[in-house]
Amino acid sequence: LALIEGRALDWDRFAARVIEIDPADYQNHAWLSHDYARVAVFDAARYHARMCTKLNPEGAACAYIIARVAMLSGDIAAARKTVLDAMTRNPQSSMIQLAQGELQYFIGDCAGALRSIAQARPEFARKEVGLDLRHHEDAVAIFAWCLRKQGETARVAALNRLFIAQHAPPVTAGVYE
C-alpha cells in the first residue's frame, strides 16, 4: 500500500525488513523485483531478480521476473533470451507461458500474446461471470488490449465491467469486502 500511495520511504523500510527477516526466501526477492520494476527502479529490480535466480536457479517465477524486468526496462533481446531459455526448460509452466505472452505483447504479436496468456491463465477463456480478475491485473490489461486489437470489443467491454466490479474501492472508508 505504501508503494501504491507514493510513500517510497515507508515501502523501502518494509522491503528492507522483509529481506532482513528471511534473506534466503527467493519469493521475497521476486516480489521486490516485480515492484521495483513497476516503479522503474531497474537497478534494484535487477538485483532482486538476480537474487531470486541465485536462490532458486530453476524457478519459473525467477525466470518470469528476469524477463519482466528486461521488458519493462526496454531490453527486449534479454527478455527474449530469458523466455526462450525458460520455455526450453519448462514449457508447461504457467509463469513461463505468461512471460512468453507478455513478450509477445511487447513485440506486437497480439495473437500470440492472447494464446500464451490464455494458456497460462485458462480462466481467461471462461465466461466473464465466473472470472476472477483480482490477482492478474497485469495479464488482464495485456489480454484486454490484445482483444481490442483483434476487434473483440464486446469481450473487452465485458472484461472492463467485471474488472471495475472486482476492483471498486470500498464504499465506506476502512471497509473492504
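Details of the structure are given in the entry above.
Treat the numbers as computed from the prediction; the structure is a model and nothing was measured.

**Q** With reference to specific residues and values, describe the nonpolar core.
**A** Core analysis: the biggest nonpolar cluster contains 42 residues, and Ile117 and Phe143 have the highest contact counts within it. By residue number, the principal contributor to this core is helix H4 (residues 60-72), which donates nine residues. For phenylalanine 143, the contacting residues outside a window of four places in its chain are Leu114, Ile117, Ala118, Phe124, Arg155 and Leu159.

**Q** Tell me about helix H2 (residues 26-38), and name the residues and values.
**A** Helix length check: H2 (13 residues) gives 18 Å between terminal C-alpha atoms against 18 Å at 1.5 Å per residue, within 8%. Considered for burial, the residues of H2 that qualify are Asn28, His29, Ala30, Leu32, Ser33, His34, Asp35, Tyr36 and Ala37.

**Q** Any details on the packing of aromatic side chains? Residues and values, ideally.
**A** In the structure shown here, the tally under the stated rule is one aromatic pair. Between tyrosine 105 and phenylalanine 106, the ring centres sit 5.5 Å apart and the planes meet at 85°, which makes this aromatic pair edge-to-face. You can call tyrosine 105 partly exposed: its relative accessible area is 28%. Among the residues examined, phenylalanine 106 registers a relative accessible area of 32% and is labelled partly exposed.

**Q** Outline the state of the cysteines, supporting the account with residue identities and numerical values.
**A** Defined simply, a disulfide is a covalent bond joining two cysteines at their sulfur atoms. This structure, assessed with the given rule, holds one disulfide. There is a disulfide in this structure between cysteine 52 and cysteine 62, and the S-S distance comes to 2.0 Å. In this structure, the disulfide formed by cysteine 52 and cysteine 62 twists by about -75° around the S-S bond and is classed as left-handed. You can see cysteine 52 sitting in helix H3 (residues 42-55) and its partner cysteine 62 sitting in helix H4, a full ten residues away along the chain. Neither cysteine 52 nor cysteine 62 differs from the other in exposure class; each is buried.

**Q** Please set out unusual backbone geometry residue by residue, giving values where relevant.
**A** Backbone geometry places alanine 40, a non-glycine residue, at a positive phi of 65°. Inspection of the secondary structure assignment puts alanine 40 in the loop between H2 and H3. By relative accessible area, alanine 40 is classed as partly exposed at 48%.

The rules behind these values
Residues numbered from 1 in each chain as written. Predicted model: local features only at pLDDT ≥ 70, side-chain atom pairs only at ≥ 80, totals over all residues. Heavy atoms only, no water. Core = buried A, V, L, I, M, F, W, Y, C linked by side-chain atoms within 4.5 Å. Buried < 20%, exposed > 50% of the residue type's maximum accessible area, 1.4 Å probe, protein only. Helix = DSSP H or I, 4+ residues; strand = E, 2+ residues; numbered from the N terminus. Contact = heavy atoms within 4.5 Å. Expected span 1.5 Å × (residues − 1). Phe/Tyr/Trp six-rings, centres within 6.5 Å; stacked < 30°, edge-to-face > 60°. Disulfide = S-S within 2.5 Å.

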